[in-house]
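These are the residues of each chain, in order.
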Amino acid sequence: RHGERWELQLKGSGKTPYSRSGDGRAVLRSSVREFLCSEAMHYLGIPTSRAASLVVSDDDVWRDQFYNGNVTKERGAIVLRLAKSWFRIGSLEILAHSGELDLQRKLLDFIIQEHFPSIAMNDSNRYLEFFSTVVLETANLIALWMSVGFAHGVCNTDNFSLLSITIDYGPFGFMDSYDPNFVPNTSDDEGRYKIGNQANVGMFNLNKLLQALKPLLDPRQKQLASQILEEYGKHYYFRFTELFKGKLGLLGEDENDNYLIAFLLKVSLLF
């Protein structure tokens, strides 16, 4: 009724061609968490997929919840979730990796036409403009995550949306107090996706997106795209600072603002 189109997904409905060796099922506890968290993130003003419904399944699902070899039977469930698009960085990465450049170009043009209306389809720099937008909005999204202490447990390229929304609520968590080493994923032994590394992982994923786009760019555009990626850290830091200054009610610009933010985060860590 608002003239929008949303794509539907059933999470936990069973095996699909993308399930690999998994059964494609979901347990009730994780389904409830995704439903509640995605709706909470939306009302916190953070771009995210939404949850429309949750249905309990009669299927028994076997899971090793803590990855300690203790497999137990759990109740299954299915979440109907929605997003404007489910395309991810990995959607383009896999086509570039397999050399399917014609299909990649068609997919990219479709994504731009459907979801990036400010980019003209007859613009020879449209892929460059697309990349620039994704870099800026990804920096904004991760800064928003940090502003509420949200840690996405699996920040790989297949879980990073091209529309820069929060998707795929698998392992995740909110910090009770500031801890840059907070890891919400019990299988992440190395802490690759700890909350203090989310901005760096965002940069890593955007670099993978750039590598996927390079076969579609001319030499000048490749150089400009690399320069755009170099600005990611500046975008992230600016937005992070802006959000935390808003939390503290700080107005204007003061060279001590960043010191105060860092000091208060450190105080939080102590308690």
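Residues numbered from 1 in each chain as written. Predicted model: local features only at pLDDT ≥ 70, side-chain atom pairs only at ≥ 80, totals over all residues. Heavy atoms only, no water.

Going by what an unreviewed UniProt entry lists, the protein chain is known as Selenoprotein O and is assigned to Crypturellus soui. In UniProt, the protein chain has this text filed under Sequence similarities (unreviewed entry): "Belongs to the SELO family." Quoted straight from UniProt, the Cofactor (unreviewed entry) entry for the protein chain says "Mg(2+)". (UniProt positions renumbered as here; feature names shortened; annotations may be inferred.)

Caption draft 1: Quick look at empty space enclosed by the protein. Taken as a whole and assessed by the stated rule, the structure comprises one cavity of 30 Å³ or more. When its volume is computed, the largest cavity comes out at roughly 30 Å³. The wall of the largest cavity is formed by Thr-138, Leu-141, Phe-160, Ser-161, Ser-164 and Ile-165. For the lining of the largest cavity, the per-class residue count stands at three nonpolar, three polar and no charged. (1 Å grid on protein atoms, 1.4 Å probe; cavity = no way out; pocket = protein on both sides within 12 Å on 5 of 7 lines; lining within 4 Å. Points joined across faces, edges and corners; volume = space filled by probe spheres on them. Nonpolar A, V, L, I, M, F, W, Y, C, P; charged D, E, K, R; others polar.)

Caption draft 2: Molecular detail of the domain arrangement of the protein chain. In terms of domain boundaries, the protein chain breaks down into domain 1 (7–83) and domain 2 (89–248). Just the C-alpha atoms count here: the centres of domain 1 and domain 2 sit 23 Å apart. Both faces considered, domain 1 and domain 2 share a buried interface measuring about 1,300 Å² in area, 64% of it formed by carbon and sulfur atoms. Seen at the junction of domain 1 and domain 2, the total is one salt bridge. For Asp-168, the salt bridge goes to Arg-81, with nearest N and O atoms at 3.3 Å. Across the contact surface, domain 1 and domain 2 share seven residue pairs in polar contact (both at pLDDT 80 or more). (Domains from an automatic or database assignment. Buried area = accessible area lost by both parts, 1.4 Å probe. Salt bridge = Lys/Arg side-chain N within 4 Å of Asp/Glu carboxyl O. Polar contact = N/O pair within 3.5 Å; in protein donor to acceptor, adjacent residues only side chain to side chain.)

Caption draft 3: View of the sheet that holds strand β1 (residues 7–11). Ordered in space as β1-β3-β2, the three strands form an open sheet in which the pairing is antiparallel. Of all the strands in the sheet, just β1 and β2 (50–63) have a single pairing partner and so form its edges. Each neighbouring strand pair of the sheet contributes to a mean axis angle of 15 degrees, computed without reference to strand direction. The pairing of β2 with strand β3 (residues 72–83) spans ten bridges and is antiparallel. Bridge pairing links Val-56 to Ala-77 in β3. Packing of helix α1 (residues 28–43) onto the sheet brings it into contact with β1, β2 and β3, and relative to β2 it is tilted by some 160 degrees. (Pairing = 2+ DSSP bridges. Helix = DSSP H or I, 4+ residues; strand = E, 2+ residues; numbered from the N terminus. Axes fitted to C-alpha atoms, helices over the stretch in contact; angles between N-to-C directions. Contact = heavy atoms within 4.5 Å.)

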